Structures are given as structure tokens and as C-alpha cells.
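# Remarks on the overall topology
So the chains spell out like this:
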There are 2 protein chains.
Amino acid sequence: MQDKARIQAMVGEDLLFLTDDQLRRGIEAMFFAYRAFTADPDAILADMDYGRAHHRALHFINRDPGLTVTSLLAVLGVTKQSLNRVLRTLIEDGLVDSRIGRRDRRERQLHLTATGTALERRLSEAQRARMRAAYRRAGPQAVAGFRQVLEAMMDPETRAQYQALKDLSDDR
Amino acid sequence: MQDKARIQAMVGEDLLFLTDDQLRRGIEAMFFAYRAFTADPDAILADMDYGRAHHRALHFINRDPGLTVTSLLAVLGVTKQSLNRVLRTLIEDGLVDSRIGRRDRRERQLHLTATGTALERRLSEAQRARMRAAYRRAGPQAVAGFRQVLEAMMDPETRAQYQALKDLSDDR
DNA sequence: TTAGAAAGTCAACAAGGCTGCCGTATCGAG
DNA sequence: CTCGATACGGCAGCCTTGTTGACTTTCTAA
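Computed from a predicted structure; not experimentally measured.

## A word on the overall build of chain A
Secondary structure summary: chain A contains eight helices and three strands in total. Reading chain A from its N end, one meets helices and strands in the order α-α-α-β-α-α-β-β-α-α-α. Taking 16 Å as the expected radius of gyration for a compact globule of 172 residues, we find that chain A reaches 20 Å, considerably beyond that expectation. Considering only C-alpha atoms, chain A reaches an extent of 60 × 35 × 30 Å along its principal axes.

Below, the structure is given as C-alpha cells:
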């Protein structure tokens, strides 16, 4: 195990970052930071009849236009019925366009309309602004560590999804 | 500003970590990691009649025994009424002890009972286990960066609370 | 002593998870 | 062509956890 070698290298130095107290600090940091992380989009959405669930749907549809309901389901990790409610309102309100699949007519391919794209940009720009400020303050090294720990925290399945998303963006 | 100096130092090197694409990666990492972060305690709580809110209450009561409802409210960032429902079930089920304040009889001082402490330990140990694994894999430097970015992401008020919690643990 | 502020409780509503069940359209294999 | 599997949608109903509004108890300052 490469892991063991790394641990060995730390022995005698500082394994203090693995104490229960340090772990608790990390847990609390996650809690507080996540609340901040969702606060800005939530504030925008509060005025409309939408919630965080709508934001998530918009995000991933925007990121991978034409994806099917099932794919979106897998990414979001919720049930079909739960997503459906959200998706229905987005379609009714003309933010999302649901087209019958070209290869497989059972599938629905999801796209954002102009209105949907506009809202998505507004939401994600608010979120990016906060993230950008945090990144700038912390610097590139810290950001690398931030991402490393978050990735290590995901379970393998989710991490695979996350990596797949990465590949998508490399294609552009 | 110290911030400006740091930015200056980066110019010409790599400001690429501030691109919209990198920020989006960070946003998605937060989303996926937070889901994993809450998954283990959620699974334990699903069997009982409790939810994530109960976990949070137990955590902070355990961390600062004797704190009042209002203090807990401030930390959790929810309304009094919302917390009350959660708190009531915990008290009814004998996990939390609510004593009338000594100085001010309007206040309720919250403590965990033996049963409450046991559940808190079970939940937080599950969460710590995941965090520990992630920390070990990522290493101390990454962990430092992780914490830096999370702190920078909080709004100032929350960060102050978070720092105050830190001081509490230093006292022990 | 009395008015107002503060701490906490009860009631009712909404968002968004969940399960279960059913219906329809489509696909692909035999 | 038929039949089972798959993709999607809808309805009913549940739970947790957030919200606002109205209330009691208690304290404090005028």
C-alpha cells in the first residue's frame, strides 16, 4: 500500500492532524462552510417558487446538455419521483426543455431554455463569486489540498461520477 | 492588504486555479463530498425516528454542555421553532436533559444524558471514521489547505462562531 | 409596579426527501 | 410478432425540517 508508506513518512513528525479533536474541527468546518456555500443561491431562489433542488437540476443540465432523466437521477442521487416534481415545474415554467430521445425514443433529453440558462448563470455566478473569493484568500496550494480531501471523502462510486464529469469538461 | 501581496506573488505563475472551470470543479466537489459526509450518520439515524437535525443538536450540546437554547440556535442557524421540535423529541426520549437556568429562570440549560452521549458517540464516530480516512489519504498539507478554504468560504459572522468553538476546545 | 424585552412553547404550513403502485411508450430478444 | 425489460410520468401518502404567527413565563429597567 502506498498509503502505508505515506503514513510511515509521517511517523515521528506530526500525526496530530489525525486526532479526534482535529477531525471534529474538520467536521464543523464542513458544516459551517456548506451552509455558506448554499446561502447565496438559496437567497435568490427564495423569492421565486424554487428551492435548492431546482438549482441542482439546472446546474447539471447546463453542464451536460441533452442528458437523460436517468443520468440526472444518478448524478443527483435522489429518487425518480422526487426529481420529477422539481423537473415538472421547471418544464412547465419554461426553464427546461424535455425532448424525446433521438436514438431511444423512451428517453427524454433535457436542455435549458434561454430563460433557464439565464437563471442558472445567475445562481452559479453567485456561488462562484463566493468560491472565487475563498480560493483567492487561501491560495493555489490550499485549493489543491481542499480538492484532495473532498475527493478522498467521497465514496468510490460518487468519485467515479465526479471524475467522469471532469473528463466531460476536458472535451470542450 | 496582505491579500494583494499574495495575489501579486501568483501573477505570472498560475492564476489558472481561479478560472470558472476550476471554480465549478470546486462547487461540484463540495456537493458530492457533503453528501458523503452526511451519509454515514444519516444511515444510522434512518432506523430511529431521528434525522440530521437531531444529530446536529446532539453534536453541539455534547460539545458545550449546559448551553442554552438560544446559543444553540445561533450556532445551528435555524429558527427557534424549528429547533424546538427536534429538541422536544430528544428530551421526551431521554437523550437530552433540559434544566431551568440557574441565573435566569427563562433559560434552559441543555445536557446529554448517558443515552444521549452514547448515540452522539456512535454518530460522530461514524463521521470521524470517514474524515479520518480522507485525512490520511490526503496528508497533513492537504488537510491544512482544506481547512483554509472552508474557513475562507464562511461569512465573517459564522467564522467568528467557528473560531469561538475552537477556543472552547483549547480550554479542555 | 408596570411595560417591554427576551426565552421558550405550541400550531399550522411548505419544501423536498422517501416508498408503493400503476400506466404508457418503446426497445430488443426470441 | 410477442413478451419481458426499460424509461418515464403520475398519484397518494408519509417523514423530516425548514418557515411564520401567536402565546406564556420570566426578567429588567423606568
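## Quick look at the protein's contact with DNA strand D
Neighbouring DNA strand D are 26 residues, the closest being Thr-70 of chain A together with Gly-51, Gln-81, Ser-82 and Arg-105 of chain B. Mapped onto the surface near DNA strand D, the elements with two or more residues apiece are helix H4 (69-76) and helix H5 (80-92) of chain A together with helix H3 (52-63) and helix H5 (80-92) of chain B. In the surface near DNA strand D, the residues fall into five nonpolar, ten polar and eleven charged.

## A look at the domain arrangement of chain A
All names here are of chain A. Here the domain parsing of chain A yields domain 1 (38-138) and domain 2 (139-172). Taking only C-alpha atoms into account, the centre of domain 1 sits 20 Å from that of domain 2. On the side of domain 2, five residues touch domain 1, which itself brings four residues to the contact. Across the side of domain 1 that touches domain 2, the residue classes break down as three nonpolar, no polar and one charged.

## Quick word on the interface of chain B and chain A
Contacts between the two partners involve 55 residues from chain B, matched on the other side by 55 residues from chain A. By residue number, the principal contributor to the side of chain B that touches chain A is helix H2 (residues 20-47) of chain B, which donates 15 residues. Looking at the side of chain B that touches chain A, its residues break down into 29 nonpolar, nine polar and 17 charged.

## Quick notes on the protein's contact with DNA strand C
Lining the immediate surroundings of DNA strand C are 26 residues, of which Gly-51, Ala-53, Thr-79 and Ser-82 of chain A together with Val-69 of chain B lie closest. Where the surface near DNA strand C is concerned, the elements lending two or more residues are helix H3 (52-63) and H5 of chain A together with helix H4 (69-76) and H5 of chain B. At five residues, the largest contribution of residues to the surface near DNA strand C is made by H5 of chain B. Per-class residue counts for the surface near DNA strand C are six nonpolar, ten polar and ten charged.

## Looking at the sheet that holds strand E3 (residues 108-112) of chain A
All names here are of chain A. Strand order in this open sheet of three strands is E1-E3-E2, and the pairing throughout is antiparallel. Here the strands that pair on one side only, and so sit at the sheet edges, are strand E1 (67-68) and strand E2 (96-100). Two elements, E2 and E3, share five bridges in a ladder whose sense is antiparallel. The partner of Arg-99 across the bridge, within E3, is Gln-109. Its contacts with the sheet place H3 against E1, E2 and E3, and it is angled at close to 100 degrees to E3.

## Section: the packing of H3 of chain B against helix H6 (residues 114-138) of chain B
Residues and elements named next belong to chain B. The N-to-C vectors of H3 and H6 enclose an angle of 110 degrees; their axes lie 10 Å apart at closest approach. On the basis of their axis angle, the class for H3 and H6 is roughly perpendicular. Judged by residue contacts, His-55, Leu-58, His-59 and Asn-62 of H3 engage Gly-116, Thr-117, Leu-119, Glu-120, Leu-123 and Ser-124 from H6. Considered class by class, the residues forming the contact of H3 with H6 number three nonpolar, six polar and one charged.

Thresholds applied
Here, residues in each chain are numbered from 1, in the same order as that chain's written sequence. Think of it this way: whatever chain is written first is A, whatever ligand is written first is 1, and the rest follow in order. In keeping with the predicted nature of the model, local features appear solely for residues at pLDDT of at least 70, side-chain atom pairs appear and are counted solely at 80 or more, and the whole-chain, interface and lining totals rest on all residues. By the criteria applied, helices consist of DSSP H or I runs no shorter than four residues and strands consist of E runs no shorter than two, each listed in order from the N terminus. The reference for a compact globule is 2.2 Å times residues^0.38; the radius of gyration itself is calculated from the C-alpha atoms. Nearness here is judged by the C-beta atom: place it from the backbone, and if it falls within 6 Å of a molecule or strand, the residue counts as near that partner. As a working rule, the residues Ala, Val, Leu, Ile, Met, Phe, Trp, Tyr, Cys and Pro are called nonpolar, Asp, Glu, Lys and Arg charged, and the rest polar, with Gly in that last group. Residue ranges for the domains originate in an automatic or database domain assignment. Contact between two residues is assigned when their C-beta atoms, built from the backbone, lie within 7 Å. Any two strands are treated as partners once DSSP identifies two or more bridges connecting them. Angular values range over 0 to 180 degrees, each being the angle between N-to-C directions of two axes fitted as lines to C-alpha atoms, with helices fitted over their stretch in contact. Throughout, the term roughly parallel applies to angles under 35 degrees, roughly antiparallel to angles over 145, roughly perpendicular to angles from 65 to 115, and oblique to all others.

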